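Residues per chain are reported as follows:
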Amino acid sequence: MKGLKLDTSSKIPVYQQIVHSIMAAVRDGILQRDHQIPSINELSEEYLLSRGTVEKAYNELRDKKVIISVKGKGYFINRTDVTTPLRVLLLFNKISNYKKQLYNAFVHALGDNVFVDLHIHHHSVTLFQNLINNRIGDYDYYVIMPHFYEQPEKVLEIIQRIPADQLILLDRDLPGLKGKYGLVYQNFEKDIYASLTDALPPLKKYDRLVYVNPGMTPYPEEIKMGFQYFCRMNDFNYSVIEGVELDTPVIKGQAYVIIEEMDLVNLVKICRNQGLKIGKDVGIVSYNETLLKEILLDGITVISTDHDEMGKTAARMILGKKMEVVKNEFKLILRNSL
């Protein structure tokens, strides 16, 4: 029983952790029919548990017919047709349309026999710490979007508490994190550079490129860095502005790279009010694909990772019990707004 996973600080009673751990080992084929498991005394001594705690767990397992006791010999696995749903804690930094796409793809790919518990940390290290501390040991897998912009050492320390074989990071890696954990990531700087390069022919008809920094909503700084590098390498005049308000000056002959949805909405309103034709007078490249952008203004050009595929890849790691490092696809979808 070296694989028994117990956390005495968890809110889940220890006897229930024993039950879940043994049933999970049976489900995963680690324990098979007729395998002997430690006696009550052996398990209590090995894990420094009270005899009553182990006995309560064994009684429940015996009631479920998972184990049987043979007088004079001990306890043995009796049945392997147990169905113990996998439990997954999914931690997003925020809710958005593309996060919903990822969530739906992830849950659908996992199937009905997996319980997914979704929580939002809102980039707050304190909230994230509380979420992990209160739930460590409660789940089989922890799938986390580690978008934090302060206290990187503390974030690393918190995540390091999770066993590597139960951890999958989405969107970005964390330098310094140890162990063979799962990772489905974007390379924010290189991805936007490559996608804007693909859009070079239609971009050349504009006099200036404008990067709209997403104001109050934090995004990886590497996105802006990739934009600036693209402009310098291709001799574009460019500027960076902080958000788009309804009184923001919008000039004919400029193309805007917009990260946040609200800035996109405001820019479209301004263009309509000023009689500027999007795709001719003003260009728009939006970050992250959504279904609405396919039809808005007869199509908004987007640069985006494949959120469906990100969810499916994470699900495959869980179902296959194999942690991998996967670069998620990022591409340009050219439409009429450019």
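Above this text sits the structure in question.
Residues numbered from 1 in each chain as written. Predicted model: local features only at pLDDT ≥ 70, side-chain atom pairs only at ≥ 80, totals over all residues. Heavy atoms only, no water.

A. Layout of empty space enclosed by the protein. Under the definition given, this model contains one cavity of 30 Å³ or more. Size it by volume and the largest cavity reaches roughly 120 Å³. Along the walls of the largest cavity sit 16 residues, with Y98, K99, H147, D171 and Y219 positioned nearest its centre. Looking at the lining of the largest cavity residue by residue, the classes come out as eight nonpolar, five polar and three charged. (1 Å grid on protein atoms, 1.4 Å probe; cavity = no way out; pocket = protein on both sides within 12 Å on 5 of 7 lines; lining within 4 Å. Points joined across faces, edges and corners; volume = space filled by probe spheres on them. Nonpolar A, V, L, I, M, F, W, Y, C, P; charged D, E, K, R; others polar.)

B. Region of interest: the nonpolar core. Core analysis: the biggest nonpolar cluster contains 25 residues, and L203, L209, I223, F227 and F230 have the highest contact counts within it. Only helix 7 (188-198), helix 8 (200-203), strand 9 (208-213), helix 9 (221-233), strand 11 (254-258), strand 12 (282-287) and strand 15 (330-333) provide two or more residues apiece to this core. At four residues, helix 9 tops the list of elements feeding residues into this core. Apart from residues no more than four positions distant in its own chain, L203 is found in contact with L196, L209, F230, F236, A255 and L338. Ranked by size, the runner-up nonpolar core spans 23 residues in total, among them M23, I37, I40 and L43. (Core = buried A, V, L, I, M, F, W, Y, C linked by side-chain atoms within 4.5 Å. Buried < 20%, exposed > 50% of the residue type's maximum accessible area, 1.4 Å probe, protein only. Helix = DSSP H or I, 4+ residues; strand = E, 2+ residues; numbered from the N terminus. Contact = heavy atoms within 4.5 Å.)

C. Structural view of the layout of surface pockets. Size it by volume and the largest pocket reaches roughly 950 Å³. Lining the largest pocket are 37 residues, with K5, H20, S21, A24 and D140 positioned closest to its centre. For the lining of the largest pocket, the elements supplying multiple residues, two or more each, are helix 1 (14-27), strand 4 (86-92) and strand 6 (141-144). The element contributing the most residues to the lining of the largest pocket is helix 1, with eight residues. Broken down by class, the residue content of the lining of the largest pocket amounts to 17 nonpolar, nine polar and eleven charged. Reported here for the second largest pocket is a volume of approximately 210 Å³. The wall of the second largest pocket is formed by 13 residues, among which F148, P152, V155, L174 and P175 lie closest to the centre.

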